Amino acid sequence: MTYKRIKWFILWTPTLTIALWEYLRHTFLLPYVSMDLGNALAPVIVMTVTATLLIKLFRMLESTNESLQQAKAAKAAFMEREQLARELHDGISQSLFLLSVKLDKLEQAKDNEAVKETAQQLRRTVRHVYEDVRQSIASLRSEPSRTDVQWMQAVREMAEELERGGLAVELNWQLAEGMLNSKEKVELLAIVREAMLNVRKHANASCLAVHARPDSEGGSGFRCTIEDDGTGAEPAQLMAKGRYGIRMMQDRATAMGWQFGVRARDAANASDAVDKEDGLPAAKGTIVEVIKEAAR
């Protein structure tokens, strides 16, 4: 029996009991039970029936409430683990990948100046990983503050890292500072960073374009695209099990009420407006798109 149904039974039991007693008394028992005796018996019968039924209902209510509390606690624990997984993926995982890229670059360095420069980059990345670890540990103890995120700084730093690795990156960000609230900024930037890093990991691309523009009607909506000229992939492959990065981006967009799409980029489905701006070949690549519809 559901929690709601139990509450209704508790509410209606006394009313139905007194109604049934009065009906039986006036219909069948009036010749045998006087009015005064019937009035005296009414509260006794209501109390007896109510106590008999409600004791069991209260036990069921307590059991159901306990189950709900356990389910709520389990859900809260799952959400905390999911949040921690996102933080580890957004910070430590991405930094370690960039660290491996710089190690590859160090192996290919042929002069001392290149070795020193790459070594300095490695030190900065290691310090960044250290800070991410400390922040993740702190997040286990308290709710992390998200209001101090500097707008687009993380994306620009990621673009610089990717450019040092040989990937040409174009940023065309037209969203104003006050257009999104703090949570929207955090979620959108996390999606953009993840999409950019996926290009470096999997796409074998030479060019990457990140565009974000407000709704054409001047509302509160926007459209953000991350496109590359890499090998591309079918939607089924992109959304396959184990692609945590894609699922994380989709979950973030869904939680914010945004539209999220990822597809292979070709001459048939590439956006003409975007193609004119980014200059990427239309034959190959991948498009990641996030859309917030303007409020009506």
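Here's what I pulled together on the structure shown here. (Residues numbered from 1 in each chain as written. Predicted model: local features only at pLDDT ≥ 70, side-chain atom pairs only at ≥ 80, totals over all residues. Heavy atoms only, no water.)

Under the 1.5 Å per step criterion, the end-to-end length of helix α5 (residues 182–203) is 31 Å for 22 residues, consistent within 8% with the ideal 32 Å. Of all the 22 residues making up α5, 16 are buried; the element is thus mostly covered by neighbouring parts of the structure. Regarding α5, its N-cap is Asn181, as a side-chain oxygen of that residue lies 3.2 Å from the backbone nitrogen of Lys183 further along. Of the residues one or two after α5, Asn204 is the one with positive phi, at around 55°. (Helix = DSSP H or I, 4+ residues; strand = E, 2+ residues; numbered from the N terminus. Expected span 1.5 Å × (residues − 1). Buried < 20%, exposed > 50% of the residue type's maximum accessible area, 1.4 Å probe, protein only. Polar contact = N/O pair within 3.5 Å; in protein donor to acceptor, adjacent residues only side chain to side chain.)

In this section: the nonpolar core. Grouped together as the largest cluster of nonpolar side chains are 38 residues, with contacts concentrated most on Trp173, Leu188, Val192, Met196, Leu208, Cys224 and Ile226. Formed by five residues, the second largest nonpolar core is a distinct cluster that contains Ile10, Leu54, Leu57 and Leu61. (Core = buried A, V, L, I, M, F, W, Y, C linked by side-chain atoms within 4.5 Å.)

Before going further, it helps to spend a moment on the packing of aromatic side chains. The geometry of two aromatic rings is summed up by the distance between their centres and the angle between their planes. As enumerated under the stated definition, the model contains two aromatic pairs in all. Taking the centre distance of 5.3 Å and the plane angle of 80° together, the rings of Phe222 and Trp258 count as edge-to-face. A residue pair is termed long-range when its members are at least 10 positions apart, and Phe222 in strand β3 (residues 222–228) and Trp258 in the loop between α7 (244–255) and β4 (259–264) qualify at 36 residues. With a relative accessible area of 2%, Phe222 lands in the buried category. (Phe/Tyr/Trp six-rings, centres within 6.5 Å; stacked < 30°, edge-to-face > 60°.)

We now examine the sheet that holds strand β5 (residues 286–292). Pairing is mixed across the open sheet formed by five strands, whose spatial order is β1-β2-β3-β5-β4. Where the open sheet ends on each side, the last strands, each with one partner, are β1 (168–173) and β4. Each strand axis lies, on average, 10° off the axis of its neighbour in the sheet, ignoring direction. In this sheet, β5 lies alongside β3 in antiparallel orientation, the contact comprising six bridges. Residue pairing for β5: Cys224 is matched across the bridge by Val290. (Pairing = 2+ DSSP bridges. Axes fitted to C-alpha atoms, helices over the stretch in contact; angles between N-to-C directions.)

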